[in-house]
Amino acid sequence: MCENKSQNKLDQMLSQEMTRRKFMKISGKSLAGLTVSASLLSLMGCTQEQVDSDAITVWTMPTGLLVVNQAKCTGCQRCEINCTLVNDGEASSHISRVKVTRNLMDNDGHGTYQDDWVYFPDTCRQCDQPWCGEACPVEAIYADENGVKHIDQEKCVGCGACVGACPWHMPTLNPETKKSSKCILCGSCIEGCVTGALAMVPWDAVTAAEQKTRKQ
Amino acid sequence: MTTYGWSGKILRVNFANNAITTEDTMKYKDYIGGMGIGYKIIYDEVPLDTHAYDEASKVVLAMGPLTGSGVPCSGRINMSFLSSWTKGYSIVDAHMGGHIAHAIKYAGYDAIIFEGKSSKPVYLKIDDDKVSIEDASHIWGKGTFEANRILVEENGESFDAATIGQAGENLVNMSCMITSVGNSGGAGVGAIFGSKNVKGFVARGTGSVKIADPKALKEASDYMLRELVGGNNNHNVPAVPQSWAEYSAPSGSNRWSGAPGRGWQKAEGGFVDMGEQPVGDIDKIGYRAHKGYFDHGEIADKYMVKVGGCSSCPIRCYAQYDIDPLADYDLPTKVSNTCMPIIYQAAWYPEGIKDFVDEGDANIVICGAGARAVDDYGLWDNYGNIQRDFNYCYKSGILKEKLSTEEYNSIPWDLMIEGDPRWVVEIVRRISMNEGEIAKIGLGTYLLVKEWDLGQEYLDVEYLQNVTYNGYPKHHSAEDVWQTGLLYNIMYNRDCMIHHMTNVIQSGSPYEIYRKILEDEFGEGAVDKPKHYTPMNRSKAKLAKWAFLGKQWHDMATLCNWMYPMTLSPSKERGYKGDHNLDAMYMAAVTGENWSREDVDLASERVSNMLRVMTAISFDIHEGSKNLRKDHDAIPAWVFDKEPDFKAFEAGTVKMDRDDMEIAKTMFYEEMGWDTETGIPTRETLERLGLGYMADDLEKRGLLPA
Amino acid sequence: MLFGRRKKGFTKIEEVTEFSQEVNEDQLRAAEEDLKERKEKPDLFDYLDTLDDIEDQYIPLEEAEVEEIEVEMTEAQLLANFIRVRSQGATLTSQSLLEKDGQDLKELLNSLKDDKSCQDIVLIKGAKEVYYYSNEFMSDNYAKIAVLVEDKDIPKTIVEMVRWNGKTYPCATPLYYFSNSPYFYTKAQIQRALERIRQNEEYSDIGELTTGNDVRYLYSTIHMSEKYARALAEGVEYGEYGYR
């Protein structure tokens, strides 16, 4: 009985792992152009119309699927506050690993001062082949067992090469410590989001939704 | 040395000689920040006989140790300066939200002192420690929407901006400063910047606010978000029944308006349903405030894109609209505001307004046009007094009498009569551009009465809502808490901006629940049954003192007084009781110092007394008055004569009683440690608060009570 | 120096040329083009299957620790969970719904009563039905409202709520209250119900008034006078600055 359970649990984990690997293929990308099943939409807290209108982006995280819904982002900056309180022990916007302020004011013709309210939290894509890591001259950027890229604060010389190399400028040089830092998928930003614009769907739920979709 | 909470520096900018210097914030530590620092600097540096538009006049824009610290609802700025428009021309404050307070703190400054006068239009640029005065000739004459957009575009990523509109440039007393979309600071601050040729400022900060105990701060914030915070105005029960909630507010005075089936129809990708927002679910708090529905009902959903608000605040009290019927009139359709601009523009149409596309949409369309116009021109409404003055003067024939026939006939009254949204834009333009005699309405009520010789009886008219004879209206007053509300309404030199009690009374909670919570703290009889009040008592005086002091704390810390203090909670487990120790908990976590509620109260009492002393000195200088009770705290007749079908104290009335209100003042002055005859602080009180130097000043002027 | 150099946000992906191993971007773009041509939207999961696997050297699953033992749940506990999920979704669970499952419901409900972990499951009786809910997720007051709504006796619902509101808050109740969640009554339904309330002797305590801005309110004379009810209603409608 006990063995069976372990086996079941292992099977479950394997299928969740399969799911995660599948989603890694589109991590950090918009879902526009795809149909999402009703059960997954409900988990993600969004609508097909939002998917179609390019408002939804998903990110593959070790513990689940991170869904970013730009239609729901109200620009309160609590994601940045939580990020820096937890990771840096202070409150800041610039060094936050999740970035909303730079999209908030004037973001390429959108934003608060452009007569619309299009802004969204943005963060590290945890690239398989990280630009930042490859650019780092002292090999301070490494991946942990979950594939999350970290910056070794001891090794970092604060040259800013990673910031320049990242197409989205996600690593940020802290002007006070002169060290670079980036998202380590701690999840504090999601905890702080008051409208669910940042939401995490656990892998077991995504897997279940896939099975349900396949059955139909 | 690291300063926790405080950035540690105050920026001083002199626009006459372009000198930019910094000073240590810590010399003002007793005054905490915001309003406290503002009052100390104005008192020390600007003689109270200075005219608001003189070169010697200053604006002290200040934040506090909690601003930008991550504490929820800590995105506000306080600006202190001398009034250009109220009786006594004493000290006033403008309060501004948005996102720019965070930027200034992260750039390393707790406050900015604007002084001197530039010879040409300029703006201030703050880019961390690089601070410069920049040419503003290309944005002078433009509205705030365009000016702010140009400034963020030309300065670059992550810059935020705040500017004055044409009203400020043209020295219209009723003027404000605008940041984000419709976040404004009023009280005439626009014209003070205008008198200095300063269009505004931009800021970007790559630094941080240092936190002594970030773990404790995160825990306290999460505790507030899970257990204490409610909806808009911290109303602690939802407006509409929600399955997890024991109570809801059957009628429409509650501002936790987000509910299943309500939401934003113009959101990207279609309708966003605000759903239920159970206590404890942090990821749904942002759907509790649906100010659009509260202001305009069901029709609001049709035009809502999103909600917005200030940095760090989970309660998104700004409704963000795309009101497309305005496009037919070539007017901008994007509108966002939360206060008077988006609810009170129909008052510009004394003959009424009519629907546009749908039944019941007249008000939202007109308010959309008006909100955009007043915010663009940077015209401040003095909490609706500007509209009421216009409306009353039109209806009573005063306008016709005071305006020349030529001017009167030049006004497109047909637009007004037809309910055309271009009317509100036109009238706002005329006042903001200081065009013609009608622009005198922009002087503010007190000076309008003088200018047009309308007599004191004008201020006794109920419709006009003046709460004193000094030029400003009530702001959540007797209709919520009778004597208590009226007492703190008459303490300031502008509308009081205190939300302590309306947040409780209009919360939708059953009376018995909030009665117990308030009586436990302030004593028996502190708060009367809805619409059925009793004569003045000591508990009410204590309650009034608490609310009066608390508002100063919020403008010092800075925290939003629309949300704080956390008097009530939506949690049944807590018995719906909030936590009045929260502010001290935040101070301790952020600064690493020992802070108790008593410390918070003492600091608030200090600055409250500075307000009173400075008001006394100003009234002596400008009015030759040595008695604030008689000359500043006088209450217009309508407050006592309204509702002729009722007697005072009868169930169902807000009508106040003259003798009872005098008893109320006496009790309140006693609680405050003020002389009961003049309402001026005694030396003993001032010494206790470390304000002995102010007692000396009063004594020199012959104002110190014996 | 870092400012102003940001490239597009993540909803729009940059052209990638230098990293030949990063094939996903190209794949995606090709797939998007393909999509445009075919003008149809594949299901997300189907689409994922069409993409090549990418190398994932992390999480060696063999080493991942498999957590042990989930406690087996009893039938009663499963039932409790079912009711909880529905309560969380603001829905009562009627006895007849449970009976459809064809189990021995009586015994099951009895064991529910005895199970310490299921004490949050309580019942409430309606006019025709018995309903279950979890009072951990649904308040007792809301359950009362929900039962009234389920019973579909609109006059009774209106009368009971007007009385309860008058006693509890106290306040007068505007008619528009009943067009909100969870009632969602139409104007016509409310009007018909009002006519029936007026004809019913048992409901003679229910009075109606209209405020200065033409909003109709109900109140119960058991709990307040007409004059007081009017003052409360006017206070709400007039608000701080005048009629809304």
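Residues numbered from 1 in each chain as written. Chains lettered and ligands numbered in written order. Predicted model: local features only at pLDDT ≥ 70, side-chain atom pairs only at ≥ 80, totals over all residues. Heavy atoms only, no water.

Q: Hey, could you run me through unusual backbone geometry in this one?
A: For residues other than glycine, phi is negative in most cases, and the peptide bonds are mostly trans. Residue Tyr169 of chain C is joined to Pro170 of chain C through a cis peptide bond whose omega torsion reads -20 degrees. The linkage connecting Ser181 of chain C with the following residue, Pro182 of chain C, adopts the cis geometry, with an omega of 0 degrees. Along the chain, Pro182 of chain C falls in the loop between β4 (173-174) and α8 (187-199). Positioned with a positive phi, Gln126 of chain A is a non-glycine residue whose angle comes to about 50 degrees. Mapped onto the elements, Gln126 of chain A comes out in the loop between α5 (101-104) and α6 (131-135). Residue classification places Gln126 of chain A among the buried residues on the basis of a relative accessible area of 12%. Residues other than glycine seldom take positive phi values, yet Tyr383 of chain B does so here, at roughly 50 degrees. Along the chain, Tyr383 of chain B turns up in the loop between α9 (362-377) and α10 (385-395). (Helix = DSSP H or I, 4+ residues; strand = E, 2+ residues; numbered from the N terminus. Buried < 20%, exposed > 50% of the residue type's maximum accessible area, 1.4 Å probe, protein only.)

Q: I tried to follow the side chain of Asp128 of chain B on my own but got confused; where do I start?
A: All names here are of chain B. Note on placement: Asp128 falls in the loop between β7 (122-127) and β8 (130-135). Among buried Asp, Glu, Lys and Arg side chains, Asp128 stands out as unpaired, with Lys130 the closest opposite charge at 5.4 Å. Discounting chain neighbours no more than four positions away, the residues touching Asp128 are Tyr106, Ala107, Tyr109, Arg204, Gly205, Thr206 and Gly207. (Lys, Arg positive; Asp, Glu negative; His and termini not counted. Salt bridge = Lys/Arg side-chain N within 4 Å of Asp/Glu carboxyl O. Contact = heavy atoms within 4.5 Å.)

Q: What am I meant to see in the pattern of salt bridges here?
A: It is possible for side chains of opposite charge to pair when their charged atoms get near one another. In this structure the tally under the stated criterion is 70 salt bridges over all chains. A salt bridge links Asp52 of chain A to Lys41 of chain C; its shortest N-O distance comes to 2.9 Å. Here Asp52 of chain A, found in helix α3 (residues 48-52), pairs with Lys41 of chain C, found in the loop between α1 (24-38) and α2 (44-50), and the two come from separate chains. Ionic pairing is found between Lys551 of chain B and Asp555 of chain B, a salt bridge with its closest N-O pair at 2.7 Å. Residue Lys551 of chain B and its partner Asp555 of chain B are located together in helix α19 (residues 538-557), separated by four residues, close to a single helical turn. Look at the salt bridges and you will find they share partners, linking Arg12, Glu23, Lys27, Glu45, Lys58 and Glu115 of chain B into a network.

Q: Help me out: how do you make sense of the domain arrangement of chain B in this one?
A: Accessible area lost during the coming together of the parts is what is often quoted as the interface size. All names here are of chain B. If you check the domain split of chain B, you get domain 1 (9-204), domain 2 (289-464) and domain 3 (482-495 + 512-556 + 596-700). Its C-alpha centre places domain 1 at a distance of 30 Å from the equivalent point of domain 3. Each partner contributes to the interface: domain 1 provides 29 residues, whereas domain 3 provides 25 residues. Both faces combined, the contact of domain 1 with domain 3 buries some 2400 Å², and carbon together with sulfur accounts for 65% of it. (Domains from an automatic or database assignment. Buried area = accessible area lost by both parts, 1.4 Å probe.)

Q: Explain the sheet that holds strand β6 (residues 216-220) of chain C here, please?
A: Within a sheet, adjacent strands bond to each other through the backbone by hydrogen bonds, running parallel or antiparallel. Residues and elements named next belong to chain C. Strand order in the open sheet made by the three strands is β4-β6-β5, with antiparallel pairing throughout. The sheet terminates laterally at β4 and β5 (206-210), the two strands that pair on one side only. Direction of pairing for β5 relative to β6: antiparallel, over a ladder of five bridges. Looking at the pairing, Thr210 lines up with Arg216 of β6. (Pairing = 2+ DSSP bridges.)

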